[in-house]
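Chain by chain, the residues:
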Amino acid sequence: MLITLGSPPSDAETDAWHAVVSAAHVRDLPASVPEPSRAETAGKLRVPPLHGRNVHLATLAPDGSYEGVASLLLFTEQDSRHTAFLDALVVRPDARRHGVGAALWAAVRAELLAHGRTSVSTVLELGGAGEAFVDSLGFTNVLPLGWYVLRVQQAVDEIPPPALPDGFRFTDWSGAVPDGPAESFARAHAAVREAPTTVPGGQLDQRRPGPDVARVRAAARVMERRGGVVLTAAVLDTTDGDAVVAYTEVVLCDPADTRAVQYDTVVVPAHRGRGLGRAVKRHLLGRLRELHPAVREITTTVADDNASMLAVNEALGYRRERPAGIFRAKL
């Protein structure tokens, strides 16, 4: 039987969902990749995203446990209402090859069509059961990428603290951006989002809004409401009123995490080619080590043909852990 979770889900629904994703994680991913915590699962299920709404689906086993789960993000921004993101479609290992995944996809597809969506994207590991499954549904890999991992202490020990050119300085903050850098941070955040969302080697369907301080603060607060932590480091141009010209963010989905997730790294176009991206990422490593000493690693994804970011990450000590891709299907 297929059900739609409550909004918000109950504790029992959250526990049943987490049991599925945890069991699948152990089966499908390398042992080096930490399992998602129950707190992370609960946060994603209970706190809606900023630019859309979630539909959470599950299939029930006879004993009331979940055999499989699916989470669909329906974008609500005007320019993105034609598309969606499949955040999860996971079948418990002992329930596979019994039509559970097909039933979940049928329900997801019905939701997409009911809301007028013409495409859907998802992120998958390469070479696993998930890739074979979406291939059978007509998904194509529109952006090959890789997961990369950095050991924080090793990078801090081996790479000297960065020096900036004259006229620039570092700053950093936890949570939502404070008043001082807020306006220029929002402009920097929008610099790569004003056009349709593009990435080296491919273009995705989603469009993003322009600069908006309230919006970037709201995004950070969503992560905090989910129980996570956002840490941001920035480079300020002191000759231009301390405007943000580069920044980078890491997120702990759970404060107890030992592996953080690298989010945006942005250098505004007028200041590229000066080493600011590498410098701000190294500065953030030092602050992360000071503020969250239990964090041992940072993980990130980089497109296979994003040569500039691959070079920056290699210089910091990132190593490729596993291949993945952004897959998209037209409906």
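Since we're looking at a predicted model, the values are computed, not measured.

**Student:** If you had to explain the pattern of salt bridges to someone new, which residues and values would you point to?
**Tutor:** One pass over the full model with this rule turns up 18 salt bridges. Salt-bridge contacts for glutamate 77 lead to arginine 215; the nearest nitrogen and oxygen are separated by 2.8 Å. Of this pair, glutamate 77 sits in the loop between strand S3 (66–75) and strand S4 (84–91) while arginine 215 sits in helix H7 (residues 213–225); the two residues are 138 residues apart in sequence, bridging distant segments of the chain. Here arginine 215 falls in the partly exposed class, since its relative accessible area comes to 27%. Two residues, arginine 169 and aspartate 242, come together in a salt bridge whose shortest N-O distance is 2.8 Å.

**Student:** Explain the pairing of strand S10 (residues 229–237) to me, and be specific about the residues and the numbers.
**Tutor:** Buried residues dominate S10, accounting for nine of its nine residues. A two-sided burial pattern is seen for S10, the buried positions comprising Val229, Leu231, Ala233, Val235 and Asp237 on one face and Val230, Thr232, Ala234 and Leu236 on the other. As paired strands, strand S7 (residues 168–174) and S10 are joined by seven bridges and run antiparallel to one another. Each residue of the ladder has a partner; that of phenylalanine 170, found in S10, is valine 235.

**Student:** Please set out the nonpolar core residue by residue, giving values where relevant.
**Tutor:** One broad rule of soluble globular proteins: the nonpolar side chains tend to lie buried together. Counting 45 residues, the largest nonpolar core has Val235 and Ile298 as the members making the most contacts within it. Excluding residues that lie within four positions of it along the chain, isoleucine 298 makes contacts with Tyr148, Val149, Leu150, Val152, Val250, Ala260, Val261, Gln262, Leu285, Leu288 and Tyr318.

**Student:** Describe the layout of surface pockets, naming the residues involved and giving the relevant values.
**Tutor:** For the second largest pocket, the calculated volume is near 230 Å³. Around the second largest pocket sit 16 residues that line it, and Gly6, Ser7, Leu45, Asn54 and His56 are the ones nearest its centre. Breaking the lining of the second largest pocket down by element, the ones donating at least two residues are helix H2 (38–46) and strand S2 (52–60). Top element by residues in the lining of the second largest pocket is S2. It accounts for four residues. Here the residues of the lining of the second largest pocket sort into eight nonpolar, five polar and three charged.

**Student:** An account of unusual backbone geometry is requested, with residue identities and associated values reported.
**Tutor:** Following serine 7, the chain continues into proline 8 via a peptide bond in cis, with omega recorded as 5°. With respect to the element layout, proline 8 can be found in the loop between strand S1 (2–4) and helix H1 (11–28). Phi at arginine 97 is positive, roughly 65°, even though this residue is not glycine. One non-glycine residue, aspartate 242, lies in the positive phi region at around 60°. Judged by relative accessible area, which is 26%, aspartate 242 ranks as partly exposed.

**Student:** Could you give an account of the packing of aromatic side chains, with specific residues and numbers?
**Tutor:** Going through the model one piece at a time under the given rule, you end up with three aromatic pairs. With a centroid separation of 5.5 Å and 65° between ring planes, the pair formed by tryptophan 105 and phenylalanine 139 is classed as edge-to-face. Of this pair, tryptophan 105 sits in helix H3 (residues 100–114) while phenylalanine 139 sits in the loop between helix H4 (129–136) and strand S6 (140–151); the two residues are 34 residues apart in sequence, bridging distant segments of the chain. Relative to tyrosine 247, the ring of phenylalanine 185 lies with its centre 4.7 Å away and its plane at 65°, an arrangement referred to as edge-to-face. Placement of the pair is phenylalanine 185 in helix H6 (residues 179–191) and tyrosine 247 in strand S11 (residues 243–252), with a sequence separation of 62 residues. With respect to burial, phenylalanine 185 and tyrosine 247 carry one shared label: buried. Chaining the aromatic ring pairs together yields one cluster made of Trp173, Phe185 and Tyr247.

**Student:** Explain the pairing of S3 to me, using residue names and the numbers behind them.
**Tutor:** Counting buried residues along S3, nine of its ten residues qualify, which places the element largely inside the surrounding structure. Bridge count between S2 and S3: nine bridges; the pairing is antiparallel. Residue pairing for S3: asparagine 54 is matched across the bridge by leucine 73. Hairpin connection of S2 to S3: five residues between the antiparallel strands, including glycine 64 at a positive phi of 90°. Two elements, S3 and S4, share seven bridges in a ladder whose sense is antiparallel. By the bridge assignment, leucine 74 is partnered in S4 with alanine 84.

**Student:** Describe empty space enclosed by the protein, and please don't skip the residues or the numbers.
**Tutor:** It is the rolling of a water-molecule-sized probe over the atoms that shows where space remains empty. Under the definition given, this model contains one cavity of 30 Å³ or more. Roughly 50 Å³ of volume is contained in the largest cavity. What lines the largest cavity is simply Leu150, Thr248, Val250, Gln262, Lys281, Leu284, Leu285, Ile298, Leu316 and Tyr318. Of all the secondary-structure elements, those providing two or more residues to the lining of the largest cavity are S11 and helix H8 (276–291). The dominant element in the lining of the largest cavity, judged by the number of residues it contributes, is H8, at three residues.

**Student:** Lay out H7 with the relevant residues and their values.
**Tutor:** Here H7 contains 13 residues, and its C-alpha end-to-end distance of 18 Å stays within 8% of the 18 Å for a straight helix at 1.5 Å per residue. All buried positions along H7 are accounted for by Val213, Val216, Arg217, Ala220, Val222 and Met223. On its buried side, H7 packs onto H6, S10, S11 and strand S12 (259–267). Sitting at the head of H7, aspartate 212 places a side-chain oxygen 2.9 Å from the backbone nitrogen of alanine 214.

Basis of the calculations
Residues numbered from 1 in each chain as written. Predicted model: local features only at pLDDT ≥ 70, side-chain atom pairs only at ≥ 80, totals over all residues. Heavy atoms only, no water. Salt bridge = Lys/Arg side-chain N within 4 Å of Asp/Glu carboxyl O. Helix = DSSP H or I, 4+ residues; strand = E, 2+ residues; numbered from the N terminus. Buried < 20%, exposed > 50% of the residue type's maximum accessible area, 1.4 Å probe, protein only. Pairing = 2+ DSSP bridges. Core = buried A, V, L, I, M, F, W, Y, C linked by side-chain atoms within 4.5 Å. Contact = heavy atoms within 4.5 Å. 1 Å grid on protein atoms, 1.4 Å probe; cavity = no way out; pocket = protein on both sides within 12 Å on 5 of 7 lines; lining within 4 Å. Points joined across faces, edges and corners; volume = space filled by probe spheres on them. Nonpolar A, V, L, I, M, F, W, Y, C, P; charged D, E, K, R; others polar. Phe/Tyr/Trp six-rings, centres within 6.5 Å; stacked < 30°, edge-to-face > 60°. Expected span 1.5 Å × (residues − 1). Polar contact = N/O pair within 3.5 Å; in protein donor to acceptor, adjacent residues only side chain to side chain.

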